[in-house]
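Close look at the chain arrangement
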Amino acid sequence: MAGSKIKEIFKNISFVSGFMIFMSVIVCAIFADYIALYPYDEMHLIDKLQKPSLTYFLGTDMYGRCIFSRIIYGTRIIIKVGLIVTLIQAGIGVTLGLLSGYYGGVIRKTIMFITDITWSLPSIIMALAIITVLGPGLTNVIIAIALVGWAQYAKIIDAKAQTIKYLPFVEAGRVLGETDFNIMVRYILPNLINQIIILVSLTFPTAVISASGLGFLGLGTQPPAPDWGVILSEGIRFLKNAPWIAIAPGFSLVYTILGFNMLGEGLKEILEPE
Amino acid sequence: MLEYIKKRLLLGVFVLFVVSILLFAIMHSLPGDPIQLLAGDRTSPEKILEIRIRFGLDKPVYIQYMKWLTNALKMDFGLSIVTNQPVSKLVMSRLKFTLMLSGISVLLQYILAVPIALIAAFKKNSIFDKVTLYITIVFWSTPQFWFAILLILLFAIKFPIFPISGYSGASSLVLPIATITLTRLASRIRITRSEIIDTLKEKYVITAYAKGLNDKKVLIKHVLKNALIPTTVMFFLSIPWIIGGSVIVEKIFAWPGMGYLLWTSITKQDYPVVQGIIMIIALLTVISNTTGDIIVAYLNPRIRHDIEGKK
């Protein structure tokens, strides 16, 4: 039984390729010091705006910094943002959504009111407002994105929990004298796993996109840190003469986000075989 | 039902009220003094005090808030500190450009997403479904700003077909709208598809088949109607998000819209303008949330009965 499940997992192309992409990014993040050719902020002013070559795999930027090394170090920022934001958002959102959907009444009203307020502003606008106050920087970006994005978990979990709680097996659990906590965690939550996985596989890339977007706008990670969004915004001025500056971080972002999306897709196919 | 609509509207107003307080508090805890910035270093303290009085910044915060709120209700968000123009006039002149982008884009998304999702879901695991899935994953994984840069590289630098900066007629719309539509379409298709697949598994669909209805009738009468509930909600909810997300797209294409104005206002600490824009986006979001909720409640019998049973 377990053996066939493992076989099935390894046969799932999305999962395997997604997992490999994701692991490659994690390996880059952990071993960046060994993989990168130069420190991410080392300038070689003689070699500025060089085409990709054997010395500089992905070329150099306007200060002669090695783009390849900057991209490699940038994975650390990506992983940090993705993991922390996802953990905070899923933690807050699932808990509130379950409580709200299961109990209904005043509890639901209160939770949904709070949710509505955070939901009332698109996350990037809210993040912009928070960052205007806190000031730019990676930690502030993580705080801003995490605080404004959990509403979708709460809303979707709440809506699903509301329909599930009327299903016969939940009634049966109640008749059997299960506690509310048990019903929520053991009866309702397992039925929400697919929703949660879909949401998590949305959150990680969304967090990465938002953080690099804010970096791109100059409000996130500050130069010379090798944030991919920052590198992209530096590259936009050289699109005609040195397009590789923008191309490298752009494709790196797609590669990483694609990896996590495929991982999520594969997990969904494995967990939800129809 | 009417009771529910009334309650939902009231909630919307209350949410806006709380947002306005939060926003006002946030904007007033900002570091940096816009008046000092405006006046420069060489202005005398008397002159600065005079400007403060002119903008009402010498009064206690709660009085400033009350004044701001009563004016905001009349769509008067004060004067821009930088250009001295009324905020509402500034924003309104920009709003139509932003609505143009988001409106056309949402419409295109809806027109494209529903049929594609319907075919993909109904012919699940077919080649069409698989291809759609892989294409949507790639598009979904592409950040808007990177997609925009790719389009610029391809259609403005390699083949100079479309303008990339500002608004100069219909051809200026192509690249920004393509960016927004194509990057957002993927998630629309995927969510709609999984919603339709869920609906296909419902008991009433099986019953409809058992009654001897053919595919077409089941699809239109039962599946589409029920699967369109979440799609419609999604549709309504997404407009303010596109407007919010337009900050990046508008900045890249130097689009004369609200997002670009918000960006320049943040960098210039022009907080009456920032406040005004965020309040307008909040208003749009509350309107679409409320409409979405009411439609869901009306169309989904399970939730409708829940509401009407409790009254």
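Residues numbered from 1 in each chain as written. Chains lettered and ligands numbered in written order. Predicted model: local features only at pLDDT ≥ 70, side-chain atom pairs only at ≥ 80, totals over all residues.

**Things to note about the overall build of chain B**
- In terms of helices and strands, chain B carries 13 helices and zero strands.
- Ordered by position from N to C terminus, the α and β elements of chain B give α-α-α-α-α-α-α-α-α-α-α-α-α.
- Projected onto its principal axes, the C-alpha coordinates of chain B cover approximately 85 × 65 × 30 Å.
- Residues classed as buried in chain B amount to 37% of the 311 residues present.
- Taking all contacts inside chain B whose residues are at least 6 apart in sequence as the whole, residues at least 24 apart take part in 71%. (Helix = DSSP H or I, 4+ residues; strand = E, 2+ residues; numbered from the N terminus. Buried ≥ 20, exposed ≤ 12 C-beta atoms within 10 Å, placed from the backbone. Contact = placed C-beta atoms within 7 Å.)

**As for the interface of chain A and chain B**
- Listed as interface residues are 33 residues of chain A and, on the opposing side, 35 residues of chain B.
- Those elements that provide at least two residues to the side of chain A that touches chain B are helix H5 (105–119), helix H6 (123–134), helix H10 (180–216) and helix H12 (244–271) of chain A.
- Considering only residue class, the side of chain A that touches chain B consists of 23 nonpolar, seven polar and three charged. (Nonpolar A, V, L, I, M, F, W, Y, C, P; charged D, E, K, R; others polar.)

**With respect to the confidence of the model for chain B**
Residue and element names in this part refer to chain B.
- Looking at chain B, the pLDDT average stands at 82 and 91% of residues meet or exceed 70.
- The weakest mean pLDDT in chain B belongs to helix H13 (residues 301–309) at 63; the strongest belongs to helix H7 (residues 144–158) at 91.
- Both scores are available for the predicted complex, with the pTM at 0.80 and the ipTM at 0.80. (pLDDT = per-residue confidence, 0-100.)

**Focus: helix H11 (residues 258–267) of chain B**
- Burial of H11(B) is extensive: eight of the 10 residues sit out of reach of the surface.
- When we look at burial in H11(B), the residues that qualify are B:Met258, B:Gly259, B:Tyr260, B:Leu261, B:Leu262, B:Trp263, B:Ser265 and B:Ile266.

**Here we look at the packing of H7(B) against helix H8 (residues 171–200) of chain B**
Residues and elements named next belong to chain B.
- The contact between H7 and H8 brings their axes to 9 Å, and the two run at 135 degrees. Regarding the angle of H7 to H8, the classification is oblique. For the pair H7 and H8, the sense of crossing is right-handed. Listed contacts from H8 to Gln144, Phe147, Ala148, Leu151, Ile152 and Phe155 of H7 are Leu175, Ala178, Thr179, Leu182 and Thr183.
- Taken together, the residues of the contact of H7 with H8 sort by class into eight nonpolar, three polar and no charged. (Axes fitted to C-alpha atoms, helices over the stretch in contact; angles between N-to-C directions. Parallel < 35°, antiparallel > 145°, perpendicular 65-115°, else oblique. Left-handed = near helix turned anticlockwise from the far one by under 90°.)

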